[in-house]
Amino acid sequence: MFVQIKSGSSYKDSKGYKIPVNKQHLAYWYNPINPIIGIVYAPDLKKAFWQI
């Protein structure tokens, strides 16, 4: 399993927290050799949000 962790308000938009990806990253995330989990930590909230 791979984990990509990001932190900070730059990963928040009007809809919530997310990890921006380009086409190459998107293809890798959708066809992984191992499962991939993305985590964004919001220091102002002291919470983490995840996505698969």
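See above for the structure.
Quick caveat, the model's predicted, so the values are computed rather than measured.

Trainee: Even after reading the chapter, I still don't get the overall build of the protein, so can you show me in this structure?
Mentor: Looking only at helices and strands, the protein has one helix and five strands in total. Across the protein, helices and strands are ordered from the amino to the carboxyl terminus as β-β-β-α-β-β. Dimensions of the protein, computed from C-alpha atoms along their principal axes, come out at roughly 35 × 20 × 15 Å. Looking at the protein alone, contacts between residues at least 24 apart form 47% of all its contacts between residues at least 6 apart. Per element, the accessible surface of the protein, about 4,300 Å² overall, is 58% carbon and sulfur.

Trainee: How should I be thinking about unusual backbone geometry in this particular structure?
Mentor: Excluding glycine, residues mostly have negative phi values, and the peptide bonds linking residues are mostly trans. Residues other than glycine seldom take positive phi values, yet lysine 46 does so here, at roughly 55 degrees. Tracing the chain through its elements places lysine 46 in the loop between β4 (36-42) and β5 (47-51). Lysine 46 gets classed as exposed once you look at its relative accessible area, which sits at 67%.

Trainee: Would you mind going over the environment of asparagine 31 with me for this structure?
Mentor: You can see asparagine 31 is positioned in the loop between α1 (23-30) and β4. Residues asparagine 31 and serine 14, 17 residues apart in the sequence, show an inter-C-alpha distance of 28 Å.

Trainee: Teacher, can you tell me more about a nonpolar patch on the surface here?
Mentor: On the surface, Met1, Val3 and Ile5 cluster together into a nonpolar patch covering about 340 Å² of accessible area. Tracing the sequence through the fold places valine 3 in strand β1 (residues 2-7).

Trainee: It is not clear to me how the pairing of β5 should be interpreted in this structure. Could you clarify?
Mentor: A regular strand places its side chains on the two faces of the sheet in alternate fashion. Looking at chain direction, β4 and β5 are connected through five bridges and run antiparallel. Across the sheet, the residue bridging to isoleucine 39 is tryptophan 50, located in β5. Hairpin connection, β4 to β5: the antiparallel pair is bridged by four residues, and lysine 46 has positive phi, about 55 degrees.

Trainee: What is the right way to look at the pattern of salt bridges in this model?
Mentor: Proximity of charged atoms lets side chains of opposite charge pair with each other. Here the structure, examined in full by the defined rule, presents one salt bridge. A salt bridge links lysine 18 to aspartate 13, with the shortest nitrogen-to-oxygen separation between them at 2.9 Å.

About the criteria used
- Residues numbered from 1 in each chain as written.
- Predicted model: local features only at pLDDT ≥ 70, side-chain atom pairs only at ≥ 80, totals over all residues.
- Heavy atoms only, no water.
- Helix = DSSP H or I, 4+ residues; strand = E, 2+ residues; numbered from the N terminus.
- Contact = heavy atoms within 4.5 Å.
- Areas by Shrake-Rupley, 256 points an atom, 1.4 Å probe, with all protein chains shown as cover.
- Buried < 20%, exposed > 50% of the residue type's maximum accessible area, 1.4 Å probe, protein only.
- Patch = residues over 30% accessible without salt bridge, like charges linked within 9 Å, V, L, I, M, F, W, Y side chains within 5 Å.
- Salt bridge = Lys/Arg side-chain N within 4 Å of Asp/Glu carboxyl O.
- Pairing = 2+ DSSP bridges.

Any functional reading would require information that these geometric values do not contain.
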